[in-house]
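# An overview of the molecular structure
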Amino acid sequence: MMTKVRGLILKVNKLSENDALFTVLCEDMTKITVIAKGIRSMKHKSFSAMQQFCYNDFNLNGSGGFFSLSSADMINNFYNIRSSVEKLSFGSYIAEAAKVASEFLEGDGAYFRFLLNCFYFVENAEKKAVGGDTLNELNRIKTIFEFKTSAAAGFAPVLNQCVHCGAKTDLEYFDISSGGIVCKGCSNENLIKIYPKLIGFFHFVLTKDLKTVFNTSNIDKSLVCDANYITEKYFQQRLEYYFKSLDYLKKVTENN
């Protein structure tokens, strides 16, 4: 039976010299597997559309989450993600993270559009980079992606009061394990020190909708760094998953 779906290729696995297996995330956040015979040949009619990050209209045969490819018509291939090793490392991380997070997000079409926006901003990172610092812009996108995805998956942190005692003053720490801000009175040496501007940024990310949340480019590099440290740890803790692509990302960016 022929099935038509629109979706994003998150992962490509080589099966043989000519064949490949694809993980495709559909617009309703369901995840399917697509096998394509002969797709690794440049002569295949859908060769250009069947690459990682391509957003396509698919014609498929099969059912039950496993399909064979009939054809694919490209909508957007986010080509410029491949223009630098830094962009590629961030794009690969977001793709792997979205693959895992999709288990919590089936049916959330708004989140799928947010994911497409993430890839768009990674692809065009240099255009919004403050002072030409593309890596800082990529880290800003990563931070927004991690925090917003955590919240969409049902793991929004507590930001308006101490997660331990409920106090609303002297909020100076973040507790990764407990999932929120901690007051000075409940603090211990294992918590992460935070400050008002960082709390304000987190509030902005959590309260803005999935389209306007990226309107925060004019922020300090140090704040992006501090936010990124927290959101990365929080995201992994909540999804209970270690992302292999994160190792590659860190290797690529560690000297910058």
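Presented here is a report on the structure given in the accompanying data block. (Residues numbered from 1 in each chain as written. Predicted model: local features only at pLDDT ≥ 70, side-chain atom pairs only at ≥ 80, totals over all residues. Heavy atoms only, no water.)

## Details of the overall build of the protein
Where we set the bar: Every helix listed is a DSSP run of H or I at least four residues long, and every strand listed is a run of E at least two residues long, numbered separately from the N terminus. Remark: exposure states derive from per-residue accessible area (1.4 Å probe, protein chains only) relative to the maximum for the residue type, with buried under 20%, exposed over 50%, and partly exposed in between. Working rule for contacts: check all heavy atoms of both residues, and any pair within 4.5 Å makes them a contact. Methods summary: accessible areas were calculated by the Shrake-Rupley approach with a probe of 1.4 Å, and residue burial reflects only the protein chains presented. Charged residues are defined narrowly, with Lys and Arg counted positive, Asp and Glu counted negative, and His plus the chain ends left uncounted. Working definition for charges: the position is that of NZ of Lys, CZ of Arg, CG of Asp or CD of Glu.
Along the protein, the regular secondary structure elements total seven helices and eight strands. Considering only C-alpha atoms, the protein reaches an extent of 65 × 40 × 30 Å along its principal axes. Counting all 256 residues of the protein, 48% fall into the buried class. Within the protein, counting contacts between residues at least 6 apart in sequence, those at least 24 apart form 59% of the total. As displayed, the protein offers around 12,300 Å² of accessible surface, 48% of which is attributable to carbon and sulfur atoms. Side-chain charges of the protein comprise 30 positive and 27 negative groups, with the mean position of each set lying 4 Å from the other.

## Re the environment of Glu 137
The criterion, for reference: What qualifies as a polar contact is a pair of N or O atoms within 3.5 Å, subject to a donor-acceptor requirement within protein and to the restriction that residues adjacent in sequence count only when both atoms come from side chains.
Counting through the fold element by element, Glu 137 comes out in helix α4 (residues 134-152). On the basis of relative accessibility, which here comes to 3%, the residue Glu 137 falls in the buried class. For the pair Glu 137 and Tyr 195, spaced 58 residues apart in sequence, the C-alpha separation works out to 21 Å. Among the polar contacts made by the side chain of Glu 137, one reaches the side chain of Arg 140 at a distance of 2.8 Å.

## Digging into the sheet that holds strand β1 (residues 2-14)
Where we set the bar: The pairing criterion is simple: DSSP has to find at least two bridges between the two strands. Axis definition: a line fitted to C-alpha atoms, limited for helices to the stretch in contact. Angles are taken between N-to-C directions and run from 0 to 180 degrees.
On the basis of which strands lie adjacent, the closed barrel formed by five strands has the order β1-β2-β3-β5-β4 and mixed pairing. Taken pair by pair, the neighbouring strands of this sheet meet at an average axis angle of 50 degrees, ignoring direction. Bridge count for strand β2 (residues 20-26) against strand β3 (residues 31-36) is six bridges, and the pairing is antiparallel. Note that in β3 the partner of Leu 25 across the bridge is Lys 31. Against the sheet, helix α2 (residues 109-123) touches β1, β2 and β4 (55-63), its axis set at about 45 degrees to β1.

## Points about the layout of surface pockets
Using the following cut-off: A pocket, in this scheme, is an open set of points on a 1 Å grid over the protein atoms alone with protein on both sides within 12 Å along at least 5 of 7 lines, while a cavity is a set where a 1.4 Å probe fits but cannot get out; residues line either one if an atom lies within 4 Å of a point. Grid points are joined across faces, edges and corners, and a volume is the space filled by probe spheres set on the points. Under the grouping applied here, Gly and all other residues not named as nonpolar or charged are polar, the nonpolar ones being Ala, Val, Leu, Ile, Met, Phe, Trp, Tyr, Cys and Pro and the charged ones Asp, Glu, Lys and Arg.
Computed from the structure, the largest pocket encloses a volume of approximately 410 Å³. Along the wall of the largest pocket there are 17 residues; nearest its centre are Leu 135, Asn 139, Cys 225, Asn 228 and Thr 253. Looking at the lining of the largest pocket, the elements that each hand over two or more residues are α4, α6 (221-239) and α7 (244-253). Counting residues per element, the lining of the largest pocket draws most heavily on α6, which supplies seven residues. By volume, the second largest pocket is sized at about 200 Å³. Along its surface, the second largest pocket is lined by Leu 10, Lys 11, Gln 52, Ser 92, Ala 95, Glu 96, Lys 99, Val 100, Tyr 241, Lys 244 and Ser 245. If you list the elements that add at least two residues to the lining of the second largest pocket, you get β1, α1 (85-101) and α7. Looking at which element gives the most residues to the lining of the second largest pocket, the answer is α1, with five residues. Taken together, the residues of the lining of the second largest pocket break down into four nonpolar, three polar and four charged.

## A few points about α1
As a reminder, the rule being used: Given the number of residues in a helix, its expected span is that number minus one, multiplied by 1.5 Å.
End to end, α1 covers 24 Å across 17 residues, agreeing with the expected 24 Å (1.5 Å per residue, within 8%). Among the 17 residues in α1, 13 count as buried, and that is most of the element.

## Comments concerning the pairing of strand β6 (residues 171-175)
The element β6 is largely enclosed, with a buried count of four among its five residues. With four bridges joining them, β6 and strand β7 (residues 180-183) adopt antiparallel strand pairing. Bridging from a neighbouring strand, Asp 175 pairs with Gly 180 of β7. The antiparallel pairing of β6 with β7 creates a hairpin that spans four residues between the two strands, and Gly 179 there sits at a positive phi of about 80 degrees. The pairing of β6 with strand β8 (residues 192-193) spans two bridges and is classified as antiparallel. Counted as the bridge partner of Tyr 173 is Lys 193 from β8.

## What about the packing of α1 against α2?
Helix-helix packing is characterised by the crossing angle of the two axes and by the distance between the axes. Let me state the cut-off plainly: Here roughly perpendicular refers to angles of 65 to 115 degrees, roughly parallel to angles under 35, roughly antiparallel to angles over 145, and oblique to all remaining angles.
For the pair α1 and α2, the least separation of the axes is 10 Å and the interaxial angle reads 170 degrees. Viewed along their axes, α1 and α2 adopt a mutual orientation that is roughly antiparallel. Residue-level contacts link Lys 87, Gly 91, Ile 94, Ala 95 and Ala 98 of α1 to Leu 115, Cys 118, Phe 119, Val 122 and Glu 123 of α2. Residue composition of the contact of α1 with α2, by class: seven nonpolar, one polar and two charged.

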